[in-house]
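# Structural features, examined
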Amino acid sequence: MKKWCLKIFGTLLIGSILLGVFAGCSGKTGRAKRFGEWMEPNGKVKVLSTIAQIGDLVEEIGGDRIDGWVLIHGDLDPHSYELVKGDDEKFSRADLIIYNGLGLEHGASISSNLENHPKSLSIGEEIQKASPQKILHKKRSVDPHIWMDISLWKEAVDPIADRLSQIDPAGQEIYYQRADQLKNKMDEAHRELFATLHRIPPEKRYLVTSHDAFHYFTKSYLADPSDGDTWMERFAAPEGLAPDGQLNPNDIAEIISFLKKKKITVLFPESNVSRDSIKKIVSAGREMGLEISICSEVLYGDAMGKGGYLDMMKHNGEVISRYLEENR
Ligand SMILES: [Zn+2]
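Residues numbered from 1 in each chain as written. Predicted model: local features only at pLDDT ≥ 70, side-chain atom pairs only at ≥ 80, totals over all residues. Heavy atoms only, no water.

### Some thoughts on the nonpolar core
Worth spelling out the cut-off: The set of buried Ala, Val, Leu, Ile, Met, Phe, Trp, Tyr and Cys residues whose side-chain atoms join them within 4.5 Å is what this entry labels a nonpolar core. Here the term buried applies to any residue with accessible area under 20% of the maximum for its type, exposed to any over 50%, and partly exposed to those in between, with areas from a 1.4 Å probe on protein chains only. Boundaries of every domain are those given by an automatic assignment or by a domain database. The contact criterion used throughout is that any non-hydrogen atoms of two residues lie within 4.5 Å.
Grouped together as the largest cluster of nonpolar side chains are 63 residues, with contacts concentrated most on Phe217, Phe268 and Tyr309. Counting residues domain by domain, this core receives three or more from each of domain 1 (25–186) and domain 2 (189–326). Not counting chain neighbours up to four residues away, the residues in contact with Phe217 comprise Met148, Leu193, Leu197, Leu207, Leu222, Met313, Asn316 and Ile320. Judged by nonpolar contacts, the second largest core, of 16 residues, contains Ala236, Ile255, Ile281 and Ile292.

Structure representation (structure tokens):
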């Protein structure tokens, strides 16, 4: 093996090892830790979150009093995730297990574990109980992507602070103080995101992504108050509420007709969803003479990316506004 080849191989190997051992750690705070360390008792509240968007809220609220781990990390698909070897240990080690619910983590092995676990908390269900009118549906299925609206995701903060305070009463004051700070930060981010997207003229504020992860986003940030119930006409995706890679000719025709009607020229890929569906649409559309392309940057829907939750939302807003404005 040549020297340069060995070097690349070595880099890849080290990269894969690092990825494996730090898999569930938070990328935002840099508090990289090994799974073995998380399993060790250290006096902190051990919180297992299913997705990174939850893990980030937990870190913001819990600070140094908690020790968090994200189960469905990186680019894994939360819709289809099934428990793997070692996950049982994480469930037994955790003092608190927080999941989205509303059908997001619907893999057979994980959903029953989450629903029946005495230490679990579904923030989706908490929000649904408190504000049922804010939960969206598509063809009678509940849309679980509630984190895509910052003002709605903010409603997860209090239930998390409540539960942490029950488990660790000595930290109650700190949890509620940090929760208040976080809610203020989220309010500001929500307003900024709305302003960023509303710089796009209304006739250009239409979004096409890979799967139906952006309904809440569209309703909050792309629609105008005057849109009323027609806000949903500002978004389309070839794959449903859970990406499945299944695309029939009707799905393609429907999206192409949407692109034509709304004069859309760019489709946005999502970081952890195969681009096959949108590639097929672009190729079919071009054959029909449409000038359409795939955005060269990705959006974050189900996967959070390397920053924190608010970074993810800001990134989405900036990419969408940049590309839609450019295509004026
Ligand atoms: Zn999704």
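### Comments concerning the coordination of the zinc ion
Note the cut-off: Metal sites are built from N, O and S donor atoms within 2.8 Å, or 3.2 Å for Na, K and Ca, and they leave out water, so they may look incomplete. Runs of H or I in DSSP of at least four residues are treated as helices and runs of E of at least two as strands, each being numbered from the N terminus.
Those donors, His79 (NE2), His145 (NE2), His211 (NE2), Asp302 (OD) and Asp302 (OD), are the protein atoms that reach the zinc ion, and they lie 2.0 to 2.4 Å from it. Mapped onto the sequence, the residues coordinating the zinc ion show the spacing H-x65-H-x65-H-x90-D. Here Asp302 lies in the loop between β10 (293–294) and α13 (309–326) and His79 lies in the loop between β2 (66–72) and α4 (87–93), a separation of 223 residues in the sequence.

### A short note on the pairing of β2
On any regular strand, side chains alternate: one points to one face of the sheet, the next to the other face. How we decide: What makes two strands pair is DSSP finding at least two bridges between them.
Within β2, 7 of the 7 residues are buried, leaving the element largely enclosed by the surrounding structure. Taken together, the 6 bridges between strand β1 (residues 45–51) and β2 define a ladder with parallel strand orientation. By the bridge assignment for β2, Lys46 is matched with Asp67.

### With respect to the packing of aromatic side chains
Condition: By convention, a stacked pair of Phe, Tyr or Trp rings (six-membered ring in the case of Trp) has centres within 6.5 Å and planes under 30 degrees apart, an edge-to-face pair has planes over 60 apart, and any other such pair is tilted.
Under the counting rule described, the total for this entry stands at 9 aromatic pairs. A ring pair is formed by Trp153 and Tyr309, whose centres lie 6.2 Å apart and whose planes are at 50 degrees; its orientation type is tilted. Highlighted residues: Trp153 in helix α7 (residues 150–153) and Tyr309 in helix α13, separated in sequence by 156 residues. With respect to burial, Trp153 and Tyr309 carry one shared label: buried. Relative to Tyr323, the ring of Phe268 lies with its centre 6.3 Å away and its plane at 85 degrees, an arrangement referred to as edge-to-face. Of the two residues, Phe268 sits in the loop between β9 (266–267) and α12 (276–287) while Tyr323 sits in helix α13, which places them 55 residues apart along the sequence.

### Looking at the packing of helix α3 (residues 52–62) against helix α8 (residues 157–167)
What counts, and what does not: Here, axes are lines fitted to C-alpha atoms. For helices the fit covers the stretch in contact, and angles between N-to-C directions go from 0 to 180 degrees. By the definition adopted for this analysis, an angle is roughly parallel if under 35 degrees, roughly antiparallel if over 145, roughly perpendicular if from 65 to 115, and oblique otherwise. What makes a crossing left-handed is the near helix being turned counterclockwise from the far one by less than a right angle; a clockwise turn instead makes it right-handed. As a working rule, the residues Ala, Val, Leu, Ile, Met, Phe, Trp, Tyr, Cys and Pro are called nonpolar, Asp, Glu, Lys and Arg charged, and the rest polar, with Gly in that last group.
At a minimum axis distance of 10 Å, the contact between α3 and α8 shows a crossing angle of 55 degrees. Here α3 is positioned oblique relative to α8, judged by the angle of their axes. Judged by the twist between their axes, the crossing of α3 over α8 is right-handed. Here Leu57, Val58, Ile61 and Gly62 of α3 come into contact with α8, specifically with Val157, Ile160, Ala161 and Leu164. Residues that form the contact of α3 with α8 fall into these classes: 7 nonpolar, 1 polar and no charged.

### Looking at the sheet that holds β2
Hydrogen bonds between backbone groups are what pair the strands of a sheet, and the pairing can be parallel or antiparallel. With parallel pairing, the 4 strands of this open sheet are ordered in space as β2-β1-β3-β4. Each edge of the open sheet is held by one strand with a lone partner, namely β2 and β4 (120–122). Each adjacent strand pair in this sheet contributes to an overall mean axis angle of 20 degrees, direction not counted. Examined bridge by bridge, β1 and strand β3 (residues 96–99) share 3 bridges and lie parallel to one another. Its bridge partner being in β3, Leu48 is matched across the sheet by Ile97. With respect to the sheet, helix α6 (residues 123–130) is in contact with β3 and β4, its orientation differing from that of β4 by roughly 50 degrees.

### Observations regarding the packing of α3 against helix α9 (residues 172–197)
To characterise two packed helices, one gives the angle between the axes of the helices and the distance between these axes. Across the interface, α3 lies against α9 with an axial gap of 7 Å and an inter-helix angle of 125 degrees. Judged by the inter-axis angle, α3 sits oblique to α9. Where α3 approaches α9, its residues Leu57, Glu59, Glu60, Ile61 and Gly62 are matched on the opposing element by Tyr175, Arg178, Ala179, Leu182, Lys185 and Met186. Taken together, the residues of the contact of α3 with α9 break down into 6 nonpolar, 1 polar and 4 charged.

### Let's talk about the environment of Asn272
For Asn272, the location among the structural elements is in the loop between β9 and α12. Sequence separation between Asn272 and Asp77 is 195 residues, and the spatial gap between their C-alpha atoms is 7.2 Å. The contact partners of Asn272, leaving out residues within four places of it in the chain, are Asp75, Leu76, Asp77, Pro78, Asp302 and Ala303.

### Considering helix α11 (residues 249–262)
Going by this rule: By this rule, a helix spans an expected 1.5 Å times one less than how many residues it contains. By definition, the arc is the one covered by directions from the helix axis to the C-beta atoms. Contacts described as polar in this section are N or O atom pairs within 3.5 Å, which, within protein, must combine one atom able to donate a hydrogen with one able to accept it, while residues neighboring in sequence count only if both atoms come from side chains.
Taking 1.5 Å per residue, 14 residues should reach 20 Å; α11 reaches 20 Å between its end C-alpha atoms and fits that length. Those residues of α11 that sit buried are Ile252, Ile255, Ile256, Phe258, Leu259 and Lys262. In a view along the axis of α11, the buried residues occupy a sector of 155 degrees, so they form one face of it. Structural note: α11 exposes Pro249, Asn250, Glu254 and Lys261 on the side pointing more than 90 degrees away from its buried face. With a side-chain oxygen lying 2.9 Å from the backbone nitrogen of Asn250, the N-terminal cap of α11 falls on Asn248. Positive backbone phi, at 55 degrees, marks Lys263, one or two positions downstream of α11.

### Here we look at the environment of Asp244
Within the element layout of this structure, Asp244 appears in the loop between β8 (235–236) and α11. Between the C-alpha atoms of Asp244 and Ser80, which are 164 residues apart in sequence, the distance is 9.1 Å.

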